[in-house]
Every structure is written in structure tokens, then in C-alpha cells.
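Letter by letter, the chains look like this.
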Amino acid sequence: MLTGAGVSAESGLATFRDSQDGLWTDYRPEDLATPEAFARDPKMVWRWYEWRRRKLRGATPNPGHIALAELERLLPGYTLITQNVDGLHQRAGSRNVIEFHGNITRTVCSNKPCPGQWQADDEREPPVCRDCGHQLRPDVVWFGEAIPFQAMQGALDALRECDLFISIGTSSLVYPAAGMAAEVAARGATVAEINPEATPLSSSADLLLAGRSGEVLPAVLATLTALPD
Ligand code: OAD
């Protein structure tokens with residue numbers, strides 16, 4: 001399974017390419033989620049992520065997240081690779097989750113590989129690492145940055161064994177995640193897509209389930225559980 005922001009849309013979280021609201025209306029995520037933006041204006045980037053974390057605190061897993069956690073219990077050899085950084089899959093009960101783009105609820109030191117120590121009462125924006133004095137940053141992959149080694153290795157291992165690949169709630173625009181379907185299809189795997197809109201993957205997928213993941217995934221789960229053992 002590969003998921004994108006569309007799976008969290010029904011939890012009230014704007015997708016990556018939805019327009020932003022509030023103070024951030026005039027900003028594009030693509031212009032904020034970059035090392036250059038952080039170097040240029042760390043306070044602005046830090047405040048954007050704080051705003052996203054506050055929105056996340058009001059969000060709960062939706063039926064799509066919950067169905068995926070249930071499918072993991074039903075299906076052997078199941079791996080969930082997510083581009084989402086909201087941690088909602090884990091909160092829904094998914095265990096084997098590969099966070100391909102990191103997680104905004106984690107904070108790290110910008111001076112990698114320093115693990116980063118955050119003084120709880122550090123009011124600076126962004127806070128400063130107590131170990132090395134560098135600024136802290138969200139533990140996410142910014143545009144132009146490499147996918148974390150372990151996440152990439154885990155995804156490659158899963159794709160190598162993959163016979164059914166389901167792309168859910170992603171615009172299939174951002175590589176390397178967007179290249180996964182073609183990679184497994186070339187090895188004979190079946191590719192399905194769950195999305196209310198067409199994407200660049202739609203024309204080559206073997207199966208299209210046009211709809212919202214919060215409705216389609218529970219229906220898929222119900223169908224599977226109704227099958228005779
Ligand atoms: P996008 O905002 O690009 O795409 C969201 C997709 O979800 C679209 O194809 C929508 O049609 C679909 N969608 C919306 N509501 C849905 C629903 N209820 N059920 C199912 N699908 C729905 O978000 P992503 O594809 O996740 O990377 O973006 C991929 C990456 O682009 C992000 O992880 C981010 C960005 O660059 C980084 O930040 C590194």
C-alpha cells in the first residue's frame with residue numbers, strides 16, 4: 001500500500017496541494033517545505049509546522065485509516081508506505097508503517113546526524129539544540145532532500161516482494177514514491193488506485209476505485225471479510 005494526503009483529507013487535514021488557509025493562504029507548501037526556506041527564514045518555516053501540528057492535534061484517524069489497520073491484520077506480507085507526515089496511520093493501529101517523508105510530530109537537530117536535544121522551556125522559534133547549538137527542525141523530508149535510508153530500504157524490500165500494489169489518496173506527482181507503481185508493474189504485480197480524481201497513474205493502473213478512501217477502504221475490508229475462509 002502507498003498512501004498520500006488524500007487518506008487524511010477526511011480527517012480534516014488539507015491535502016498537500018489543497019490551498020492553505022488562515023495566515024498561510026498566500027504561501028505554497030512547496031515554497032515552505034525546503035532547506036532553502038528554512039535557511040532563509042527559519043522562524044517562518046518553524047511557525048508553519050507549529051500551525052500544522054496544532055491542526056493535527058484536532059484530527060483523528062478516519063474510517064480509511066482504520067480499515068487499513070484492519071487490513072494489515074488480515075493480509076500476510078502487508079506493508080504500508082506512507083508519504084503522510086501526520087502519524088494518523090499509527091494512531092489508527094497500523095503497525096508496519098514506513099514513513100517515507102518523515103513525521104512532523106518529531107523534532108530533530110538540523111545538524112544531522114546530531115540526534116538533537118530540545119530544552120522544553122526553549123521558547124525560541126525554532127528552538128536550539130542543547131547538544132550542539134544548531135537549530136532544531138521537523139523530522140520531515142523537504143524538497144530536494146534524500147528519503148531517509150531506512151525508509152528507502154524498507155520500501156525497496158517491500159516492493160521487491162510485491163504482487164499487489166494499491167496507491168491510495170496520492171496525486172502520484174512526487175518521486176521516488178510516484179515511481180513505485182511502475183516499478184512493481186514491470187515485475188508483473190497488479191496495480192490498483194483509490195482516488196476520487198484521475199492521476200498520472202490512472203491510465204496504467206489495472207484497477208481504478210474512484211472514490212474517497214474513507215468510503216472505499218471500509219467497503220474493500222467488508223468484501224474481504226465476507227469471503228469464505
Ligand atoms: P497531494 O495533495 O499532491 O494529492 C492528494 C491526492 O489525494 C489527490 O490526488 C486527491 O485527488 C486525492 N484525494 C483527495 N481527497 C481524497 C479522499 N478523500 N480519498 C482519496 N483520495 C483523495 O498529496 P500527496 O500525493 O500526498 O512530499 O503529495 C505527495 C507529496 O508531495 C507529499 O508527501 C509532499 C509533497 O511534495 C514532501 O513534502 C516531500
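The structure under discussion appears in the preceding block.
Described below are features of the structure shown in this document.

### Points about the site of the ligand
At step 1: Residues in contact with the ligand amount to 21 residues; listed here are only the nearest, A5, E10, R17, T170 and S171.
At step 2: Between the ligand and G169 there is a distance of 3.3 Å, counted from an oxygen atom to a backbone nitrogen or oxygen.
At step 3: A distance of 2.7 Å separates an oxygen atom of the ligand from a polar side-chain atom of T170.
At step 4: Bound to the protein, the ligand loses 89% of the 790 Å² it would expose on its own.
At step 5: Looking at the shell around the ligand residue by residue, the classes come out as 7 nonpolar, 10 polar and 4 charged.

### Examining the pattern of salt bridges
At step 1: Following the criterion strictly, the structure yields 12 salt bridges and no others.
At step 2: Residue R47 pairs with E125 through a salt bridge whose shortest N-O separation is 2.8 Å. Residue R47 is found in helix 4 (residues 42–57), and its partner E125 is found in the loop between strand 4 (102–109) and strand 5 (136–140); the two are separated by 78 residues along the sequence.
At step 3: Here R47 falls in the partly exposed class, since its relative accessible area comes to 39%.
At step 4: Of the residues examined, E125 reaches a relative accessible area of 31% and is grouped as partly exposed.
At step 5: What you see here is one network of salt bridges that share partners, running through E10, R212 and E215.

### Focus: the environment of L224
At step 1: Its place among the elements puts L224 in helix 9 (residues 213–226).
At step 2: Considered as a pair, L224 and L75 are 149 residues apart in the sequence and their alpha carbons are 9.8 Å apart.
At step 3: The contacts of L224, once residues within four sequence positions are left out, are L71 and L75.

Cut-offs and rules
Residues numbered from 1 in each chain as written. Predicted model: local features only at pLDDT ≥ 70, side-chain atom pairs only at ≥ 80, totals over all residues. Heavy atoms only, no water. Near = heavy atom within 4 Å. Polar contact = N/O pair within 3.5 Å; in protein donor to acceptor, adjacent residues only side chain to side chain. Areas by Shrake-Rupley, 256 points an atom, 1.4 Å probe, with all protein chains shown as cover. Nonpolar A, V, L, I, M, F, W, Y, C, P; charged D, E, K, R; others polar. Salt bridge = Lys/Arg side-chain N within 4 Å of Asp/Glu carboxyl O. Helix = DSSP H or I, 4+ residues; strand = E, 2+ residues; numbered from the N terminus. Buried < 20%, exposed > 50% of the residue type's maximum accessible area, 1.4 Å probe, protein only. Contact = heavy atoms within 4.5 Å.

Everything listed is a geometric property; what it means functionally is a separate question.
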